[in-house]
Amino acid sequence: MHKGIFITFEGPEGAGKTTVIAEIYKRLVAEGKKAILTREPGGIRISEKIRNIILDNEHQEMDGRTEALLYAAARRQHLVEKIIPALEEGNIVLCDRFVDSSLAYQGYARGLGMDEVMSINAFAIDNTMPDRTVYFDITPEEGLRRISKNDEREQNRLDNETLQFHHKVHEGYQLLIEKFPDRIVSTDASQPLSEVTENVWKIISSQLISNKNS
Ligand code: TMP
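Anyway, here's the lowdown on the structure attached to this text. Throughout this document, residue positions are counted from 1 along each chain, in the order its sequence is written. Totals for whole chains, interfaces and linings use all residues, but because this is a predicted model, local features are given only for residues with pLDDT of at least 70 and pairs of side-chain atoms are given and counted only at 80 or more. Heavy atoms throughout the structure, all of them, feed into the side-chain values; hydrogens and water do not.

1. Let's talk about the overall build of the chain
The cut-off we apply is this: Helix numbers and strand numbers start at the N terminus; a helix is a DSSP run of H or I with at least 4 residues, a strand a run of E with at least 2. Our radius of gyration is a C-alpha quantity, and the globule rule it is checked against amounts to 2.2 Å times the number of residues to the power 0.38. Partly exposed residues are those whose accessible area sits between 20% and 50% of the maximum for their type, while under 20% is buried and over 50% is exposed, using a 1.4 Å probe and protein chains only. Contacts were defined at the residue level, with two residues in contact if any of their heavy atoms lie within 4.5 Å. Here the accessible surface of atoms and residues is derived via Shrake-Rupley with a 1.4 Å probe, and residues count as covered only by protein chains that are part of the display. In summary, the charge assignment counts Lys and Arg as positive and Asp and Glu as negative, without counting His or the chain termini. The location of each charge is read from NZ of Lys, CZ of Arg, CG of Asp or CD of Glu.
Within the chain, the secondary structure is distributed over eight helices and five strands. Across the chain, helices and strands are ordered from the amino to the carboxyl terminus as β-α-β-α-α-β-α-α-β-α-α-β-α. For 214 residues, the compact-globule estimate of 2.2 N^0.38 gives 17 Å, and the chain sits close to it at 16 Å. Counting across all 214 residues of the chain, residues that qualify as buried make up 47%. In the chain, once contacts between residues fewer than 6 apart in sequence are set aside, the share between residues at least 24 apart is 79%. Approximately 10,700 Å² of the chain is accessible, and the part contributed by carbon and sulfur atoms is 51%. Computing the positive centroid from 27 side-chain charges and the negative centroid from 34, the chain places the two 5 Å apart.

2. Quick look at the packing of helix α4 (residues 99–109) against helix α5 (residues 114–125)
Basically, it comes down to this: Axis definition: a line fitted to C-alpha atoms, over the contacting stretch in the case of helices. Angles run 0 to 180 degrees between N-to-C directions. An angle below 35 degrees is treated as roughly parallel, one above 145 as roughly antiparallel, one from 65 to 115 as roughly perpendicular, and anything else as oblique. Crossing handedness: left-handed means the near helix sits turned counterclockwise from the far one by under a right angle, and right-handed means the same turn made clockwise. The residue classification treats Ala, Val, Leu, Ile, Met, Phe, Trp, Tyr, Cys and Pro as nonpolar and Asp, Glu, Lys and Arg as charged. All others, Gly included, are polar.
Interaxial distance between α4 and α5 falls to 8 Å at its minimum, and their mutual angle equals 140°. Between α4 and α5, the crossing angle belongs to the class labelled oblique. Along this stretch, α4 crosses α5, giving a crossing that reads as right-handed. Contacts from V99, S102, L103, A104, Q106, G107 and Y108 of α4 reach α5 at M114, V117, M118 and N121. Grouping the constituent residues of the contact of α4 with α5 by class yields seven nonpolar, four polar and no charged.

3. Concerning the sheet that holds strand β4 (residues 132–137)
Put simply, the rule reads: Strand pairing is defined by DSSP finding a minimum of two bridges between the two strands.
Spatial strand order, β2-β3-β1-β4-β5: five strands in an open sheet with parallel pairing. Here the strands that pair on one side only, and so sit at the sheet edges, are β2 (35–39) and β5 (184–188). For this sheet, the mean inter-axis angle between neighbouring strands, taken without regard to orientation, is 20°. In this structure, β4 lies alongside β5, joined through five bridges in parallel fashion. Bridging across to β5, V134 finds its partner in V185.

4. Details of the pattern of salt bridges
Inclusion rule: Just to be clear on terms, a salt bridge is a Lys or Arg side-chain nitrogen sitting within 4 Å of an Asp or Glu carboxyl oxygen.
Taken as a whole and judged by the stated rule, the model has 13 salt bridges. Salt-bridge contacts for E48 lead to R39; the nearest nitrogen and oxygen are separated by 2.8 Å. Judged by relative accessible area, E48 falls into the partly exposed class, the value being 22%. Of the residues examined, R39 reaches a relative accessible area of 33% and is grouped as partly exposed. Several salt bridges share partner residues, and in doing so they unite E23, K26, R27 and E198 into one network.

Here it is as structure tokens:
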């Protein structure tokens with residue numbers, strides 16, 4: 001058992017995850033907590049390179065299973081090089097996306113099968129699962145509308161998928177919430193970002209208390 005707390009953040013594109021997590025990280029640090037903020041795919045040199053391969057708009061010919069394997073490979077390296085050492089040092093690890101993204105996007109929306117995608121990820125993660133996962137709940141329409149208004153965000157290969165694909169991602173996440181009710185907590189991400197931040201802060205604070213008492 002590690003000493004730290006592993007918290008992941010999930011949701012469709014345009015849910016405001018990245019902005020909210022940055023604020024949560026700032027607050028934790030301001031309170032003197034040991035914390036790191038990282039993301040998937042990426043977080044370290046090798047995995048950022050894999051990210052560029054996966055998300056490159058020119059890679060239209062990429063096979064679905066290749067995509068799933070690359071996400072799992074990036075995850076493996078990220079875990080052994082960054083997440084596990086940080087947890088062993090007692091950090092609160094905030095990670096923007098993790099295995100649930102692979103289950104919702106590759107497993108469900110791409111149709112590879114959630115169980116199949118879990119099995120390749122089981123090999124990659126070797127039982128390291130988040131203590132808590134915060135799901136940013138927003139409709140695909142609203143999420144995509146927000147993305148289109150954000151000029152600074154680069155359009156990646158997965159953003160270019162059809163609205164139908166993004167609906168499937170949303171459905172995949174609903175299935176995961178039903179399957180893992182003790183781990184995944186949902187927050188309404190259609191509210192203004194300041195309110196979403198306060199709600200997520202409450203979830204994180206109560207997680208810190210329950211870890212302390214366990
Ligand atoms: P993001 O950094 O904007 O969240 O972009 C990452 C994209 O990759 C996003 O469209 C979700 C997708 N993704 C998967 O399809 N599977 C995964 O396992 C992960 C981590 C991300």
